[in-house]
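Spelled out from the first residue to the last, the chains are:
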Amino acid sequence: MASNKAFSYLITLIRMKKTNIFFMLLVTLLCSTSYLLGNYRLRGGMTASGPPDLLRLRSNIPCTLRQNDTVSVVKTTQQSPLDFRPHHRAEDAPPAARAAHAPPCAAELGEYTPCEDAKRSLKFERARLVYRERHCPAKEEVLRCRIPAPFGYRQPFRWPESRDAAWFANVPHKHLTVEKAVQNWVRFNGDRFTFPGGGTMFPNGAGAYIDDIGKLINLRDGSIRTAIDTGCGVASFGAYLLSRNILTMSFAPKDTHVAQVQFALERGVPALIGILASIRLPYPSRAFDMAHCSRCLIPWGQYDGLYLIEVDRVLRPGGYWVLSGPPINWERHWKGWEETRETLKGQQDLIENVAKSLCWKKVIQKNDIAIWQKPSNHIHCKINRKIFKKPQFCQGQDPDTAWYTKMEACLTPLPDVSSIMETSGGGPVAKWPKRLTSTPPRIISRSVGEITEEAFKNDTNIWKTRLSRYKQLDQQLAEKGRYRNLLDMNSYLGGFAAVLAINKDPVWVMNVVPVEANVNTLGVIYERGLIGTYQNWCEAMSTYPRTYDFIHADAIFTLYKDKCEMEDILLEMDRILRPQGSLIIRDDVDLLVNVKTIADELQWETMLVDHEEGPLVREKILIATKQYWTAPSSSQDR
């Protein structure tokens, strides 16, 4: 039985081998026929009217090329060497596709802030300090040169050391050390400035002053995360709040105290040039948990309470307003303030009346500090409009529109609620740090377009992957402590900043939502416990040169395509980036090729790489580093 099975198996195997041999012979015959036909055609089997004799042409091409030789194999029998030289070079591109070389600006422009230029501002009215607001140059006035760093510029001290010290060469202005010497804002020692943490109303230092506020309201339980400091000086208040996990947006005008905001940024503290004058602050409604003024010299009671009305707009439901300095505690300080008792009492009464008309509750006044609280909803406030005829509620306004939007003396209504115990705007935000990853109330209430909770969570996961890739590409970003001030030019939901915070990187991020964005998401960013501002990137930012260590730009050039010049946006990025700082720009490959051309003209070191998902994705990533260079030594201002 076994022998029969073996015999059958042997017969089957022989048959299979015969089939394979037959198949191999057939393939060999076909290949040989094809070769012989091809050889016959090459050896002259074609007519004179057909294509050239390629065999003779191939055999007569020399191995070495002569300059200016060309080859043509279409409708000609001329025997010429092949040309392997490139015929489409970047330098041969049409002028419109390439940027002119951007030369260095004059040394005296080292601190040029285009939209806060002192000479231009004098053309505008002085009433209500309108001349100190943003006034940007016309298109024909825009500078096409690179702003130089001052001679001797050095990388800033690393955080947290930078909170208390800055290099003199980086901000060569000593006048504040004289003008504010008694108040301990800043001191000059050898080659550096030091910041003792003093202020007009906190002679014992910002830390002790914040401790006094902390005895009146809770600053440590995570319920207060975002703050705004009006008339910030050198931002010592915001600098010392950081140790309590409170992130402060500090602002002050570019006035006689030329370098105050520049000092703040050099210290690694968030700040912008800004002023309360005639237009809204560039922040959404319900953004800040706390607002602060320490002798900021803002006439709070004037103009029908217009400036307190604006503070009310940007305060979250239940948020606090903290005021110290005139007229608070005037009974004790009136002689030193060089005002009469009657004048100071009248100023305080005016503030108290405006606060009541806004339905604020005065929490406490102790010594030099007074604190008011905004209501959590407007149910009672709408009822008492019968008592307070002013301000009436705004009608038909978008409370989040805040880019060149005129302030009006009307009260921004909070979103409706069904109960007096309910917090307007989708409920209270979670406490920090849970607030960072919890779904923001604006998304839960579907008040920001079609963004869902799932989309919000997916966005955070996407940025975890992207940040990991970024740190592989940019070793400076990966090095903890190398960067401090970061800018995200198109933040969307703040995912880039959020993942940095999750990783506990010692940085802060200015999250920008462009006014041209399809959805206004800046309110979401604030609800996450992050900070940011609105910006039109066809204009300059309200900040000094060399503000940021790192700039991130996601789809900026797609957003501004055909709106303004790519070169102008890149020059602004160059202006506000520190020497040896880096940029990561992600966009469509066609746009990035043009960006790289201009970036090379700006003398950035650049590298174009693929998207995280591979080379088949049109979106690419451009990594760039700004080179170190300064103005000549003769430009140093002492």
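Residues numbered from 1 in each chain as written. Predicted model: local features only at pLDDT ≥ 70, side-chain atom pairs only at ≥ 80, totals over all residues. Heavy atoms only, no water.

Notes on the nonpolar core
Counting residues in each nonpolar core, the largest one holds 129 residues, and the members touching the most others are Trp300, Trp321 and Met573. If sequence neighbours within four positions are ignored, Met573 has contacts with Met489, Ile551, Ala553, Phe557, Leu583, Ile585 and Trp604. Counting residues in hydrophobic clusters, the runner-up holds 11 residues, among them Trp185, Phe193, Val234 and Phe263. (Core = buried A, V, L, I, M, F, W, Y, C linked by side-chain atoms within 4.5 Å. Buried < 20%, exposed > 50% of the residue type's maximum accessible area, 1.4 Å probe, protein only. Contact = heavy atoms within 4.5 Å.)

Observations concerning the environment of Trp432
Along the chain, Trp432 turns up in the loop between helix 11 (379-383) and helix 12 (441-444). Since its relative accessible area comes to 16%, Trp432 is described here as buried. Taking the C-alpha atoms as reference, Trp432 lies 7.1 Å from Gly529; in sequence the two are 97 residues apart. In this structure Trp432 touches Gly222, Arg225, Asn245, Arg528 and Gly529, once residues within four positions along its chain are discounted. (Helix = DSSP H or I, 4+ residues; strand = E, 2+ residues; numbered from the N terminus.)

Here we look at the pattern of salt bridges
Under the counting rule described, the total for this entry stands at 34 salt bridges. Among the ionic pairs, Asp191 bridges to Arg154, the shortest N-O distance being 3.8 Å. Residue Asp191 is found in the loop between strand 2 (187-189) and strand 3 (192-194), and its partner Arg154 is found in the loop between helix 3 (118-121) and strand 1 (165-167); the two are separated by 37 residues along the sequence. A relative accessible area of 38% means that Asp191 is categorised as partly exposed. Since its relative accessible area comes to 39%, Arg154 is described here as partly exposed. (Salt bridge = Lys/Arg side-chain N within 4 Å of Asp/Glu carboxyl O.)

Description of the packing of aromatic side chains
All told, the structure shown has 21 aromatic pairs when counted by the stated rule. A ring pair is formed by Tyr209 and Phe237, whose centres lie 6.0 Å apart and whose planes are at 70°; its orientation type is edge-to-face. On the criterion of sequence distance, the pair formed by Tyr209 in helix 5 (residues 206-214) and Phe237 in helix 6 (residues 236-241) is long-range, its members being 28 residues apart. An identical accessibility class is assigned to Tyr209 and Phe237; each is buried. Note that Arg146 overlies the ring of Trp629, its terminal NZ or CZ placed 4.9 Å from the centroid. Here the guanidinium or amino end of Arg466 rests over the ring plane of Trp463, the centre of that ring lying 4.7 Å away. (Phe/Tyr/Trp six-rings, centres within 6.5 Å; stacked < 30°, edge-to-face > 60°. Lys NZ or Arg CZ within 6 Å of the ring centre and 35° of its normal.)

A few points about the state of the cysteines
For the structure shown, the criterion picks out 6 disulfides. Shown here is the disulfide that connects Cys538 with Cys564, its sulfur atoms set 2.2 Å apart. Given an S-S torsion of about -80°, the disulfide between Cys538 and Cys564 has left-handed geometry. Separated by 26 residues along the polypeptide, Cys538 in the loop between strand 13 (532-535) and strand 14 (548-554) and Cys564 in the loop between helix 17 (556-559) and helix 18 (566-576) bring together distant segments of the chain. Residue classification places Cys564 among the partly exposed positions, given a relative accessible area of 23%. Numbered in order of appearance, the disulfide-bonded cysteines of the chain are paired 1-4, 2-3, 5-6, 7-8, 9-10, 11-12. (Disulfide = S-S within 2.5 Å.)

Overview of the packing of helix 18 against helix 19 (residues 589-601)
Between helix 18 and helix 19, the least distance of the axes is 10 Å, while the angle of their chain directions is 55°. Taken together, helix 18 and helix 19 sit at an angle that is classed as oblique. The hand of the helix 18/helix 19 crossing is right-handed. Residues Met566, Glu567 and Leu570 of helix 18 lie in contact with helix 19, whose contacting residues are Leu591, Asn594, Val595 and Ile598. Looking at the contact of helix 18 with helix 19, its residues break down into 5 nonpolar, 1 polar and 1 charged. (Axes fitted to C-alpha atoms, helices over the stretch in contact; angles between N-to-C directions. Parallel < 35°, antiparallel > 145°, perpendicular 65-115°, else oblique. Left-handed = near helix turned anticlockwise from the far one by under 90°. Nonpolar A, V, L, I, M, F, W, Y, C, P; charged D, E, K, R; others polar.)

A word on the confidence of the model for the chain
Model confidence for the chain is summarised by a mean pLDDT of 87, while 82% of its residues fall at 70 or above. Counted against residues more than four places away or in other chains, residues 41-80, with its pLDDT under 50, gives 34 contacts. Taken as a whole, residues 82-99 scores under 50 in pLDDT and shows 18 contacts with residues more than four places along the chain or in a different chain. (pLDDT = per-residue confidence, 0-100.)

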